[in-house]
Amino acid sequence: MKILFYLLYGIAFLLSLLPSRVHYFLSDILYVILYHLVKYRKEVVRKNLTSAFPEKSEEEICKIEKGFYHFLCDLFAESIQQITISEKHFKKRITFKNVDQLEQVINEGQSIALYLGHYCNWEWVTTLPLWLTSNTQCCQIYHPLQNKVFDQLFLHIRERFGSLCIPMAETLRRILEFQRANQPFIIGYISDQKPYWTNIHHWLDFLHHDTPVLTGAERIICKMNHAVFYSDIRRVRRGYYEVTFRPITREPKKMKEFELTNIYYQMLEKSIQEAPEYWLWSHNRWSRTREKFNHDFEVVNGKVVHRKQPIE
């Protein structure tokens, strides 16, 4: 596996040395291949867009669809750029607003949870340590890839500037380790994924869909009483981004159950509605339905379990 990793990394490294204009030229070629020739997940994307924006015309949906595929290819090119791009150049390409608010919270002894979505270039948010002056450990929760070689490559890219990747299953344990060591930290949760059936505890209306959502981040945040911010990512122009940290609460324990999750999805929905082409529409987000959930599963002592006998 090490040989495959070094081979893949070597190719990616050489590609990353190309000028940005060449990356985006190659991205344009990749767009033609994915959208017009391969038609990568085009049925899923069209279905998602049509159901999320029933008020839009077919012409408007097609425009968003093409914009999404252009951006998807740019995202791949920008991930490659991340391998060798300098700190100085990175601070021109992505800027963070309200960092002073994060620093203030950390200085007052409270760690921070950042809510993100698969929106705009979420990968570049891992450069946040370049903007911090305090001794703060930045982390992001991630789901390890099944392909170990690609998983190792993305870990290398994401951790290049000091941000630590934590596997989802190890989240609580690592947080407790930081707290015992008196290490202040900022931890990012990308929480717009589709939950497993047995992890569904809450449904909400999101982009005109009855949507099952992950609530694990909320449970950890409330248990540890972390300050909560939403990472509002905007694409200023091609290859340039701006992240504004919008405060949600510093007292999550006082909030009602699922209130924090509801607020996060409302803020994410607003971001998507303003520039829908930058969300990950190729993900089959709404394949789990409440009807099937109620048919096949039940809640026993707070846990979701599969029914032993299917209901006729």
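Attention in this report is confined to the structure presented alongside it. (Residues numbered from 1 in each chain as written. Predicted model: local features only at pLDDT ≥ 70, side-chain atom pairs only at ≥ 80, totals over all residues. Heavy atoms only, no water.)

## Description of the sheet that holds strand β4 (residues 164–167)
What links the strands of a sheet is backbone hydrogen bonding, and the strands pair in either a parallel or an antiparallel sense. Threshold: The criterion for strand pairing is that DSSP finds at least two bridges linking the strands in question. Helix and strand assignments follow DSSP, with helices taken as H or I runs no shorter than four residues and strands as E runs no shorter than two, numbered in order from the N terminus. In this analysis an axis means a line fitted to C-alpha atoms, helices contributing only their contacting stretch, and an angle means the value between N-to-C directions, from 0 to 180 degrees. We call two residues in contact when some of their heavy atoms are within 4.5 Å.
Judged by pairing direction, the sheet is mixed, and its 7 strands sit side by side in the order β1-β9-β8-β2-β5-β3-β4 without closing on themselves. Each edge of the sheet is formed by a strand with only one pairing partner; in this case those strands are β1 (94–97) and β4. Strand-to-strand, the axes of this sheet are offset by a mean angle of 30°, without reference to chain direction. Here β1 runs beside strand β9 (residues 240–249); their pairing, made up of 4 bridges, is parallel. Opposite F96, over in β9, you have V243 as the bridge partner. Seen against the sheet, helix α7 (residues 148–158) touches β3 (137–142) and β4 and runs at an angle of roughly 155° to β3.

## Quick notes on the nonpolar core
Threshold: Here, the term nonpolar core denotes a set of buried Ala, Val, Leu, Ile, Met, Phe, Trp, Tyr and Cys residues that are joined through side-chain atoms within 4.5 Å. Throughout this description, buried means an accessible area under 20% of the type-specific maximum (1.4 Å probe, protein chains only), exposed means over 50%, and partly exposed covers the range between.
Counting 75 residues, the largest nonpolar core has Y189 and W281 as its most contacted members. Here this core takes 8 residues from helix α4 (residues 58–81), the largest share from any one element. Each residue touching Y189, except ones within four places of it in the same chain, is listed here: A113, L114, Y115, L116, I141, T171, I175, A217, I220 and I221. Within the second largest apolar cluster, 8 residues are counted, among which are F5, V149, L153 and I157.

## Overview of the pairing of β3
Counted only if it meets this: Seen with the strands pointing away from the viewer, any crossover whose path from the first strand over the helix to the second strand runs clockwise is right-handed.
With 5 of 6 residues buried, β3 is to be regarded as a mostly interior element. Strand direction decides the pairing type here: β3 and strand β5 (residues 185–190), joined by 4 bridges, are parallel. Within the sheet, the bridge partner assigned to Q140 lies in β5 and is G188. Relative to β4, β3 runs parallel, the two being bridged by 4 bridges. Along β4, the bridge assignment pairs I141 with I166. Once the chain exits β3 it traverses α7 before rejoining the sheet at β4, and the crossover so formed is right-handed.

## A look at the packing of aromatic side chains
Filter applied, for reference: Whether two aromatic rings pair depends on their centres lying within 6.5 Å, for rings of Phe, Tyr and Trp, where Trp uses its six-membered ring; planes under 30 degrees apart make the pair stacked, over 60 edge-to-face, and the rest tilted. Charge-over-ring contacts are defined here by two conditions on Lys NZ or Arg CZ: a distance within 6 Å of the ring centre and an angle within 35 degrees of the ring normal.
By the definition in use, this model includes 24 aromatic pairs. With 5.3 Å between their ring centres and 35° between their planes, F178 and F185 make a pair best called tilted. Comparing F178 with F185, the two get one shared label, buried. Ring geometry for F293 versus F297: centroids 5.8 Å apart, planes at 15°, classification stacked. Here F293 falls in the buried class, since its relative accessible area comes to 7%. Accessibility expressed as a relative area gives 8% for F297, which makes it buried. K56 extends its terminal NZ or CZ atom over the ring of F53, reaching a point 5.5 Å from the ring centre. For the cation-ring pair, R93 lies above Y240, with the distance from its terminal atom to the ring centre recorded as 5.4 Å.

## Some points on the environment of Y35
To keep it simple, the criterion reads: Distance and chemistry together define a polar contact, namely a pair of N or O atoms within 3.5 Å, with one atom able to donate a hydrogen and the other to accept it when in protein, and with adjacent residues in sequence counting only for side-chain atoms on both sides.
Along the chain, the position of Y35 falls in helix α2 (residues 20–38). Sequence-wise, Y35 and E65 are 30 residues apart; in three dimensions their C-alpha atoms are separated by 9.3 Å. The contacts of Y35, once residues within four sequence positions are left out, are K42, E65, K66 and Y69. Here E65 takes part through its side chain, which lies 2.6 Å from a polar atom of the side chain of Y35.

## So, the pattern of salt bridges
Basically, it comes down to this: Take a side-chain nitrogen of Lys or Arg and a carboxyl oxygen of Asp or Glu: if they are within 4 Å of each other, that pair is a salt bridge.
Summed over the entire model, instances satisfying the criterion amount to 19 salt bridges. Salt-bridge contacts for E108 lead to R250; the nearest nitrogen and oxygen are separated by 2.7 Å. Here R250 lies in the loop between β9 and α10 (259–274) and E108 lies in the loop between α6 (99–107) and β2 (112–116), a separation of 142 residues in the sequence. Given the relative accessible area of 47%, E108 is considered partly exposed. A salt bridge links E170 to R174; the nearest nitrogen and oxygen atoms lie 4.0 Å apart. Taken together, the salt bridges that share partners define one network made up of D232, R234, R246, K270 and E274.

## Observations regarding the environment of F68
Checked against the element boundaries, F68 lands in helix α4. Given a relative accessible area of 1%, F68 falls into the buried group. Considered as a pair, F68 and M267 are 199 residues apart in the sequence and their alpha carbons are 20 Å apart. Once residues within four sequence positions are removed from consideration, F68 is found in contact with V45, E277, W279, L280, W281 and S282.

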